[in-house]
Amino acid sequence: MDEHLPNGGLNLPYSRHGDHLRLSVRLTPAGGRNSIDGAETADDGTVFLKARVSAVAEGGKANRALVELLAKSLRLPKSSFSILSGETARKKILRIDGDPEDLASRLKTLIGS
């Protein structure tokens, strides 16, 4: 069951769903390092998790590096992640399978909110 107001209306880059969480990410490929750089609010009010990877955006390398970075940072298997939209764009929506409350807690800790 999707929530009508994701995250109780808080300004966070994810939404909880029945058996997963959807995470909005703004990825910078060839960014010199692999890091999570907090959350960012776009001009349209959409909130994204800012991430950068050293891999280039070629042949899915940056997407794979993003999944590896998030899996390691959140202590989850890479198989928990799938890209729902934005496969070839900087802005992506990722699905993270698992308990939404646990995943939300891990993400809040990761982005310091």
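Let me begin by describing the structure that accompanies this report. Keep in mind it's a predicted model, so treat the numbers as computed, not measured. (Residues numbered from 1 in each chain as written. Predicted model: local features only at pLDDT ≥ 70, side-chain atom pairs only at ≥ 80, totals over all residues. Heavy atoms only, no water.)

### Considering the layout of surface pockets
1) Next: The computed volume of the largest pocket comes to approximately 160 Å³.
2) Next: Ala57, Asn63, Glu87, Thr88 and Lys92 are, among the 14 residues lining the largest pocket, the residues nearest its centre.
3) Next: A total of three residues in the lining of the largest pocket trace back to one element, the largest contributor, which is helix 1 (residues 61-74). (1 Å grid on protein atoms, 1.4 Å probe; cavity = no way out; pocket = protein on both sides within 12 Å on 5 of 7 lines; lining within 4 Å. Points joined across faces, edges and corners; volume = space filled by probe spheres on them. Helix = DSSP H or I, 4+ residues; strand = E, 2+ residues; numbered from the N terminus.)

### Regarding the side chain of Asn63
1) Next: Among the structural elements, Asn63 can be located in helix 1.
2) Next: A relative accessible area of 10% places Asn63 in the buried class.
3) Next: A distance of 2.9 Å separates a polar atom in the side chain of Asn63 from a polar atom in the side chain of Lys92.
4) Next: Apart from the residues within four sequence positions on either side, Asn63 is in contact with Leu27, Ile83, Glu87 and Lys92. (Buried < 20%, exposed > 50% of the residue type's maximum accessible area, 1.4 Å probe, protein only. Polar contact = N/O pair within 3.5 Å; in protein donor to acceptor, adjacent residues only side chain to side chain. Contact = heavy atoms within 4.5 Å.)

### Let's talk about unusual backbone geometry
1) Next: One non-glycine residue, Ala30, lies in positive phi territory at about 50 degrees.
2) Next: As for its position among the elements, Ala30 is in the loop between strand 2 (20-28) and strand 3 (35-41).
3) Next: The backbone of Arg75 sits at a positive phi, close to 55 degrees, despite the residue not being glycine.
4) Next: Mapping Arg75 onto the fold places it in the loop between helix 1 and strand 5 (81-85).

### What to know about the pattern of salt bridges
1) Next: As enumerated under the stated definition, the model contains eight salt bridges in all.
2) Next: Linking Arg16 and Glu101 is a salt bridge whose minimum nitrogen-to-oxygen distance equals 3.3 Å. Here Glu101 lies in helix 2 (residues 100-111) and Arg16 lies in strand 1 (residues 14-16), a separation of 85 residues in the sequence.
3) Next: Its salt-bridge partner being Arg106, residue Asp102 comes within 3.0 Å of it at the nearest N-O pair. Of the two residues, Asp102 and Arg106 are both situated in helix 2; the distance of four residues between them amounts to about one turn of the helix.
4) Next: What emerges from the salt-bridge pattern is a single network uniting Asp19, Arg95 and Asp97. (Salt bridge = Lys/Arg side-chain N within 4 Å of Asp/Glu carboxyl O.)

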